[in-house]
Amino acid sequence: MTDKLILVSHPLCPYVQRAAISLAEKGVPFERVDIDLANKPAWFRAISPLGKVPLLRVQRNGEETVIFESAVILEFLEETQANPLHPADPYARARHRAWIEFGSAVLNAIGRFYSASTEAGFLAENSALSSMFDRLEAELADTERNGPWFAGERFSLVDAVHGPVFRYLDVFDRISDFGILDGKPFVRAWRQALRDRPSIGNAVAPDYPQRLHAFLQAKGSELSTIIQRNDLAIALP
Ligand SMILES: N[C@@H](CCC(=O)N[C@@H](CS)C(=O)NCC(=O)O)C(=O)O
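Because the structure is predicted, anything quoted here is derived from the model rather than measured. Each chain carries its own residue numbering, running from 1 in the direction its sequence is written. The predicted origin of the model limits local features to residues at a pLDDT of at least 70 and limits the giving and counting of side-chain atom pairs to 80 or more, whereas totals for whole chains, interfaces and linings rest on all residues. The basis for every side-chain value is the complete set of non-hydrogen atoms in the structure, without hydrogens or water.

S.K.: I would appreciate a short explanation of unusual backbone geometry in the present structure.
M.R.: Cis geometry marks the peptide bond from V53 to P54, where omega comes out at 5°. A helix here means a DSSP run of H or I that spans at least four residues, while a strand means a run of E at least two residues long, and both kinds are numbered starting from the N terminus. Examined against the element boundaries, P54 turns out to sit in the loop between α2 (42–47) and β3 (55–60). Unusually for a residue other than glycine, N61 sits at a positive phi of about 50°. Within the fold, N61 resides in the loop between β3 and β4 (63–68). To sort residues, take the accessible area from a 1.4 Å probe on protein chains only and compare it with the maximum for the residue type: under 20% means buried, over 50% means exposed, and anything in between is partly exposed. In this structure N61 comes out as exposed when scored by relative accessible area, which is 55%. The backbone of N83 sits at a positive phi, close to 60°, despite the residue not being glycine. Relative to the helices and strands, N83 resides in the loop between α3 (70–80) and α4 (90–115).

Below, the structure written as structure tokens:
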């Protein structure tokens, strides 16, 4: 009997998206259940030790295992499902795991960027974020890759993790040019390849950009002020 997989999700969560992308790449059917993180249901609180999505509920022979933490979910899927997204070589796999961790650090930097409450703080976070992409640029440029993905020809979990990262930049670009990827041709080409990958496009609903924009607008941060200023400029005759 095959396992039934339920991905407990939120429409904007980038950590959920990486699990959805892995499942899609592996061709594994799953059910997605979105919850309201501002009003977490009691059943969710009961089974989520950290109160965070994603959770993967794995149902087999009437028993349920709940897996939390996206990186652990990714590893579990590697161990239990076909179509590996990790390289077979342990040295390469270690490098991939490290760059997955880096992807999580970029997500934290993105969170600081859109949450900064002062102009000075915002500029500092803008520059810090840009520096993180400098690191990625150097890594992509250094590797003798032959193909569009992080590891060249084969799509990997590092790609799955960075697809949702670039999705934020798509929404930031609609607000203003923050220069985050200036002078980074390798990262830009990678971003484009990830944008065109169906598993990445399908990891969110079509209204994702509007939802994220509304979230950023309501944040009360420096970025919210920039959005408001833009809207006022557009509204002026
Ligand atoms: N380290 C976690 C991070 C997951 C995470 O931060 N999830 C956010 C949404 S994107 C969440 O559930 N936040 C709810 C909360 O902190 O109350 C993972 O990789 O799964």
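The structure having been displayed, the exposition proceeds.
S.K.: Looking at this structure, I do not really get the packing of helix α5 (residues 119–142) against helix α7 (residues 185–196). What am I missing?
M.R.: How two helices pack is summed up by the angle between their axes together with the distance between the axes. It is at 8 Å that the axes of α5 and α7 come closest, and there the two elements cross at 85°. Between α5 and α7, the angle is such that the two are roughly perpendicular. Counted together, F133, L136, E137, L140 and A141 of α5 and P185, F186, V187 and W190 of α7 form the full contact between these two elements. Angular values range over 0 to 180 degrees, each being the angle between N-to-C directions of two axes fitted as lines to C-alpha atoms, with helices fitted over their stretch in contact. Orientation labels follow simple angle bins: below 35 degrees gives roughly parallel, above 145 gives roughly antiparallel, 65 to 115 gives roughly perpendicular, and whatever is left gives oblique. Contacts are assigned to residue pairs with any non-hydrogen atoms lying within 4.5 Å of each other.

S.K.: Honestly, the environment of F186 in this entry has me stumped. Any pointers?
M.R.: Within the secondary structure, F186 sits in helix α7. Here the alpha-carbon distance between F186 and E137, two residues 49 residues apart in the chain, equals 5.8 Å. When neighbours within four sequence positions are excluded, F186 is seen to be in contact with E137, L140, A141 and R145.

S.K.: How should I be thinking about the site of the ligand in this particular structure?
M.R.: Being near a molecule or strand, for a residue, means having at least one of its heavy atoms within 4 Å of it. Taken together, C13, P14, Y15, L37, K40, G51, K52, V53, P54, E69 and S70 make up the full set of residues adjacent to the ligand. As used in this structure description, the phrase polar contact means that two N or O atoms lie within 3.5 Å; if the pair is within protein, one of them must be able to donate a hydrogen and the other to accept it, and residues adjacent in sequence are counted only when both atoms belong to side chains. In this structure, an oxygen atom belonging to the ligand sits 2.8 Å away from a main-chain N or O atom of V53. For every accessible area listed, the method is Shrake-Rupley and the probe measures 1.4 Å; residues are considered covered only by the protein chains on display. Coverage of the ligand by the protein amounts to 72% of the 520 Å² it exposes when considered alone. Residue composition of the shell around the ligand, by class: six nonpolar, two polar and three charged. Ten residues, namely Ala, Val, Leu, Ile, Met, Phe, Trp, Tyr, Cys and Pro, are considered nonpolar, four, namely Asp, Glu, Lys and Arg, are considered charged, and the remaining ones, Gly among them, are considered polar.

S.K.: Would you mind showing me how to read the pattern of salt bridges here?
M.R.: If the charged atoms of two oppositely charged side chains come close together, the side chains can form a pair. Only one rule defines a salt bridge in this text: a Lys or Arg side-chain nitrogen within 4 Å of an Asp or Glu carboxyl oxygen. This model, assessed by the stated rule, comprises 16 salt bridges. If you follow the salt bridges from partner to partner, you end up with D170, D173, R191 and R195 in one network.

S.K.: Any chance you could explain the packing of helix α6 (residues 157–175) against α7 here in plain terms?
M.R.: Between α6 and α7, the shortest axis-to-axis distance is 9 Å and the interhelical angle comes to 100°. Classed by the angle they form, the pair α6 and α7 counts as roughly perpendicular. Where α6 abuts α7, its residues V158, D159, H162, G163, F166, L169, D170 and D173 lie against V187, W190, R191, L194 and R195. Among the residues forming the contact of α6 with α7, the class breakdown is six nonpolar, two polar and five charged.

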